[in-house]
Structures are given as structure tokens and as C-alpha cells.
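What follows is the residue order along each chain.
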Amino acid sequence: MLPINNLHNFIATLPQEIREEIERESTWREFKDGEYIYRQGDPSNEVYELRRGNAKLCNYSHEGKEVVLFIFKPGDCFGDLGFYDQLPRLAHAVAVSSVHLRVIDGKNFGRLYKKHPALSKQININLSRRIRFLYHIAEDAATLSLQERLARTIRRMAYSHAIADHTGQLYLETSHEALGNLLGATRQSISKELRNLEQQNYIEMRYGKIFISDLEALNHTYANLMGPEELITR
């Protein structure tokens, strides 16, 4: 794993004066669980920074099956891709919990982008890191079994989304259905592969949570299946 600070945030590392100017140009918006922040095909006229809660980027098949492309967590910036290519939204962004967002109007964002080379440089770095991350995901999907993909997803989430209990053991609060949507698999298939990983003592399923029994062993077995070192958010 190659830990990267602010993999999806191009604001946090900017000089203070630029961050203060972005703050002045921002408005704030709340969304309830299940509300659409934007829909596929909407005009790309706003950029967002998630300040509280979680949101997902998703699409739906003709049969209505949801495919989750990404889960955003606090600190992540999103919605900026359409600003660069001037194309409509390519997916839906949906609140997964109560969400608090920083909103930057597209015109103000464009002015800041032209005014501050440090902002455009940081955005270029973040876009490059996102491409690297997506390369890993696409490579996994094309070459690995569902169990291998699931194990690698749990590894990534252990570094970026895990919570420590009172003993220090890491666990994930995510459902079998959510993992299935993320990996394009059925809930039943995910449940089967989770049981396989549990039988191999990599994880333990308790109280509706996925506890990481042995992260070092999970890394040893699944880290180097494909390609270069994976990027994760520190």
C-alpha cells in the first residue's frame, strides 16, 4: 500500500490565503440520507467538498441494479470533472447519510482556477492519483476472482474506512449488499466469499460488522496479486 494524503481533496493542502478565498466563495448545503446531490445528465455547474457524512457515486443498469463506482467520505472533493471537460454529470451522486457539503459555483471555481496556479497544480496531482487508483480497480476487475477482489477491497477499506473498537481491533461498518454494489456482484456471492475469508481467519463477522482478524496476513496474501503498489487514502 502507498498511503497518500488527500487523495481526493485538492483544497486541504493549498496555501492558507487561497483556502480562505475559497471559503468566502463557498456556500453550504445539507442533504438527507438517500437524497440526490446531482443526477446523471445534469449540467456540471458546481464543485463540492464533503464536510460531514458519506455519499456515493453510482449508476443503474437497465434492470435497475445499482453499481457503486465510489464512496466519498469527509474531506473528499467531487463534481469537478465536468468543470474541466464541460460535459454533463456521468453518474449520480447520492447522500448515504446526513450530508453537509461545501458548494462552489462553477463560475467562481473557474475564476479561482485561473487566478491561482497552485490550485490548478494541486488539481492536476489529484487527477493523476485518481487515474492511478482507477487503473488498479480496472485491473483487478479484469484479472482477479471475486474472492481476490473482495479481499483487496477489504484491505483498502481497512486503511481508509476502518474503525477501531475498545481493544484496538479494526472493523468495517458496511453491508454485504453495499460490497456487492461496489464489486458488481450479488449479495449472495459476497456472503459466500466473506465466509471463505472468515474460514481462512482473515476476517470475522460479528454484530453485522466485518472485523479484520489479521491485516498483516491479508496484506501478505493479497497485496501483490497484480501491478504496482496500490494507492490508499491515509
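Nothing here was measured: the structure is a model prediction, and the numbers come from that model.

Caption draft 1: Broad picture of the overall build of the chain. Across its full length, the chain carries eight helices and 14 strands. Radius of gyration (C-alpha) of the chain: 19 Å, near the 17 Å computed for a compact globule of 234 residues. Projected onto the principal axes, the alpha-carbon positions of the chain cover approximately 55 × 40 × 35 Å. The proportion of buried residues among the 234 residues of the chain is 45%. Nonlocal contacts in the chain, meaning residues at least 24 apart in sequence, comprise 72% of its contacts between residues at least 6 apart. Of the accessible surface of the chain, which amounts to about 12,300 Å², a share of 51% is contributed by carbon and sulfur atoms. Measuring between centres, the 30 positive side-chain charges of the chain sit 3 Å from its 30 negative side-chain charges.

Caption draft 2: Molecular detail of the packing of aromatic side chains. Enumeration according to the criterion identifies 13 aromatic pairs in this entry. With a centroid separation of 4.8 Å and 85° between ring planes, the pair formed by Phe83 and Phe109 is classed as edge-to-face. Of this pair, Phe83 sits in helix α2 (residues 81-85) while Phe109 sits in helix α3 (residues 106-115), placing them 26 residues apart in sequence. There is no split in this pair, since Phe83 and Phe109 are both buried. Within the aromatic cluster, the residues linked to one another by ring pairs are Tyr38, Tyr48, Phe70, Phe72, Phe78 and Phe133. Over the ring of Tyr38 we find Arg89, and its NZ or CZ is 4.1 Å from the ring centre. One residue, Arg206, lies across the ring of Phe211, its end atom 3.9 Å from the ring centre.

Rules behind the numbers
Residues numbered from 1 in each chain as written. Predicted model: local features only at pLDDT ≥ 70, side-chain atom pairs only at ≥ 80, totals over all residues. Heavy atoms only, no water. Helix = DSSP H or I, 4+ residues; strand = E, 2+ residues; numbered from the N terminus. Rg over C-alpha atoms; globule rule 2.2 N^0.38 Å. Buried < 20%, exposed > 50% of the residue type's maximum accessible area, 1.4 Å probe, protein only. Contact = heavy atoms within 4.5 Å. Areas by Shrake-Rupley, 256 points an atom, 1.4 Å probe, with all protein chains shown as cover. Lys, Arg positive; Asp, Glu negative; His and termini not counted. Charge placed at Lys NZ, Arg CZ, Asp CG, Glu CD. Phe/Tyr/Trp six-rings, centres within 6.5 Å; stacked < 30°, edge-to-face > 60°. Lys NZ or Arg CZ within 6 Å of the ring centre and 35° of its normal.

No statement about biological role is implied by the geometric values presented.
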